[in-house]
Amino acid sequence: MVVVQPTPFCNIDCSYCYLPSRHDKRVIAQETVATLFEKLFASGWARPEVTVVWHAGEPMVLPVAFYDQAFAAIEAMRPAHVRIKHAFQTNGTLITPAWCDFVKKWDVGLGVSVDGPRAIHDANRKTRSGKGTFDRVMAGLKLLREHGVRFHVISVLGRQSLADPRGMLDFYLDQGVDHVCFNVEESEGDHVSDLFAAGDLRARFQDFLGAFWHLARASGKIHFLREIDTMIPRIFRPSEIDMRNPQVEPLAMLNVDCLGNVSSFSPELLGYQSQEYGNFLLGNVNTDTFRQIRDAAYGSALYRDISTGVAACRQSCDYFSICGGGAPVNKLSENGSFATTRTAYCTLTQIVATDLILDSFDRLERSWTEGAPTPPPAAAQRGAAAAV
Ligand code: SF4
């Protein structure tokens, strides 16, 4: 995966935002984009499909023409055996008919950040003058629906939404949203979440996710719930398939800022500073070869400490075969070191969903043993995965 920062700038100012440079209006040069993909394709390291996420700032503050030019240049140099899937994560306040046409033309995967009904959304997602952005985002969703643009929603959950799974579902159904992803408000960068400090976060999230999952399935109208639907194939997979975690592999995630600087591992590290690791940068696409950047990644204290943390996870954590060692940025922000294991983020992204799915599987198994004849193990697993 490649994460490209077209600009650090964001036109709004959410209270939980972790991006340190969201007031910075610099824009990545078209030449830097071209050099990045020229070197990526020449390296031979691009997999059959490369996902390119335009993020780490609000992508839609740049004009459609900027991306038309960049995407066309990438397409012109793309080797025949490599597929490119572009993706945008947007705050949804700048969507216009021209953006709808662009998303359809390039088949861009589109994620819109919407936190829920007005009171919940406007509590955090505000303009620089402190006004809520709900109306602008709803106008954006309406345009997407009218133009037949497929999108998913990412909602940051706080205290209020965690307490109201039914209200959240009703909101999505009202807005024609059928692909849903959740992030729980977390501590990252300068932002400290009081939810993370509370002792009952796991119980709150488990109650929320369990209830939302079953209500959503019962509605028949939510076709994708990331927290469950991406976890099921990871849990019920053949044992010989290893779990890959791109956040702990050098350059499996290539994160490039608007100046061409490269970091890897967790994308949020782009723009971070620390006494121990400096600015987390491994090179620059304009001045360094991919081999130099890769060597810098493998030789870094960053990789050494991330690997120590992964080894400790492998030794100590029952969820390792599903998780693969977690998110380095969360280990650093929550525990103060990459060379550690459990975080609240583990609970929210791995443990709660795994436990809910396995609990459902156990209940299904019990119903098979108590009622209908038990299917053989492999079929039982496929059946459970399909049923949950
Ligand atoms: S869930 Fe947490 S402790 Fe367990 S493997 Fe993942 S990162 Fe490590």
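Placed above this text is the structure.
What counts as what
Residues numbered from 1 in each chain as written. Predicted model: local features only at pLDDT ≥ 70, side-chain atom pairs only at ≥ 80, totals over all residues. Heavy atoms only, no water. Core = buried A, V, L, I, M, F, W, Y, C linked by side-chain atoms within 4.5 Å. Buried < 20%, exposed > 50% of the residue type's maximum accessible area, 1.4 Å probe, protein only. Contact = heavy atoms within 4.5 Å. Helix = DSSP H or I, 4+ residues; strand = E, 2+ residues; numbered from the N terminus. Pairing = 2+ DSSP bridges. Right-handed = clockwise from strand over helix to strand, strands pointing away. Expected span 1.5 Å × (residues − 1). Phe/Tyr/Trp six-rings, centres within 6.5 Å; stacked < 30°, edge-to-face > 60°. Lys NZ or Arg CZ within 6 Å of the ring centre and 35° of its normal. Salt bridge = Lys/Arg side-chain N within 4 Å of Asp/Glu carboxyl O. Near = heavy atom within 4 Å. Nonpolar A, V, L, I, M, F, W, Y, C, P; charged D, E, K, R; others polar. Arc of directions from axis to C-beta. Axes fitted to C-alpha atoms, helices over the stretch in contact; angles between N-to-C directions. Parallel < 35°, antiparallel > 145°, perpendicular 65-115°, else oblique. Left-handed = near helix turned anticlockwise from the far one by under 90°.

## Focus: the nonpolar core
- Counting 99 residues, the largest nonpolar core has Trp 54, Phe 88, Tyr 172 and Phe 212 as its most contacted members.
- With near-sequence residues (within four places) excluded, Phe 88 lies in contact with Trp 54, Pro 59, Met 60, Tyr 67, Phe 71, Trp 99, Phe 102, Val 108, Gly 109, Leu 110 and Gly 111.
- Ranked by size, the runner-up nonpolar core spans five residues in total, among them Cys 10, Ile 12, Cys 14 and Val 156.

## Considering the pairing of strand S3 (residues 83-90)
- Counted residue by residue, S3 has six buried out of eight residues, so it is predominantly covered.
- Where strand S2 (residues 49-54) meets S3, six bridges bridge the pair, whose relative direction is parallel. Paired with Val 52 across the strands is His 86, a residue of S3.
- Taken together, S2, helix H2 (residues 64-77) and S3 constitute a β-α-β crossover, and its handedness is right-handed.
- Once you follow S3 into helix H3 (residues 97-105) and on to strand S4 (residues 109-113), the crossover reads as right-handed.

## Here's the deal with helix H9 (residues 201-219)
- When the terminal C-alpha atoms of H9 are compared, their 26 Å separation across 19 residues agrees well with the 27 Å that a helix rising 1.5 Å per residue should span.
- Residues of H9 that are buried include every one of Leu 201, Phe 205, Phe 208, Leu 209, Gly 210, Phe 212, Trp 213 and Ala 216, and no others.
- The positive-phi residue at the C-terminal boundary of H9 is Gly 220, with phi of around 70°.

## Observations regarding the packing of aromatic side chains
- A complete count under the given rule lists 28 aromatic pairs for this structure.
- Aromatic ring contacts, followed pair by pair, group Trp 54, Phe 66, Tyr 67, Phe 71, Phe 88, Trp 99, Phe 102 and Trp 106 into a single cluster.
- Above the face of the Phe 9 ring, Lys 25 is positioned so that its terminal group lies 5.0 Å from the ring centre.

## What to know about the pattern of salt bridges
- The full count for this structure, using the stated rule, is 16 salt bridges.
- Put simply, Arg 78 and Glu 75 hold a salt bridge, and the shortest N to O gap is 2.9 Å.
- Among the residues examined, Glu 75 registers a relative accessible area of 36% and is labelled partly exposed.

## Remarks on the site of the ligand
- The immediate surroundings of the ligand are formed by Cys 313, Cys 317, Phe 320, Cys 323, Gly 325, Gly 326, Lys 331, Thr 341, Arg 342 and Cys 346.
- Among the residues forming the shell around the ligand, the class breakdown is five nonpolar, three polar and two charged.

## What about H2?
- A rise of 1.5 Å per residue sets the reference length of H2, with its 14 residues, at 20 Å; its end C-alpha atoms lie 20 Å apart and thus fit the reference within 8%.
- Inspection of H2 places Val 64, Phe 66, Tyr 67, Ala 70, Phe 71 and Ile 74 among the buried residues, and these make up the whole buried set. Each buried residue of H2 lies within a common arc of 150° when the element is viewed along its axis, so the set occupies one face. Among the exposed residues of H2, those oriented more than 90 degrees off its buried face are Ala 65 and Ala 76.
- In the core, the buried residues of H2 are packed alongside helix H1 (30-43), S2, S3 and H3.

## Considering unusual backbone geometry
- One non-glycine residue, Ala 56, adopts positive backbone phi at about 70°.
- One can find Ala 56 in the loop between S2 and H2.
- In this structure Ala 56 comes out as buried when scored by relative accessible area, which is 16%.
- For Leu 251, which is not glycine, the phi torsion reads 65° and is therefore positive.
- Structurally, the position occupied by Leu 251 is in the loop between helix H11 (232-235) and strand S8 (254-256).
- Assessed through its relative accessible area of 17%, Leu 251 is described here as buried.

## Quick look at the packing of helix H7 (residues 165-174) against H9
- Across the interface, H7 lies against H9 with an axial gap of 9 Å and an inter-helix angle of 40°. Accordingly, the angle class assigned to the pair H7 and H9 is oblique. For the pair H7 and H9, the sense of crossing is right-handed. Touching Pro 165, Arg 166, Met 168, Leu 169, Tyr 172 and Leu 173 of H7 are Phe 208, Ala 211, Phe 212, Leu 215, Ala 216 and Ser 219, all from H9.
- For the contact of H7 with H9, the class distribution of residues is ten nonpolar, one polar and one charged.

## With respect to the sheet that holds S2
- With mixed pairing, the ten strands of this open sheet are ordered in space as S7-S6-S5-S4-S3-S2-S1-S8-S9-S10. Two strands in the sheet have a free side with no partner beyond their single neighbour: strand S7 (224-225) and strand S10 (283-284).
- Sheet topology places S8 next to strand S9 (residues 261-263); two bridges connect them, and they run antiparallel. Its bridge partner lying in S9, Val 256 is registered against Val 262.
- Packed onto the sheet, H7 meets strand S5 (152-157) and strand S6 (179-184) and runs at close to 155° relative to S5.
- Against the sheet, H9 engages S5, S6 and S7, with an angle of about 175° to S6.

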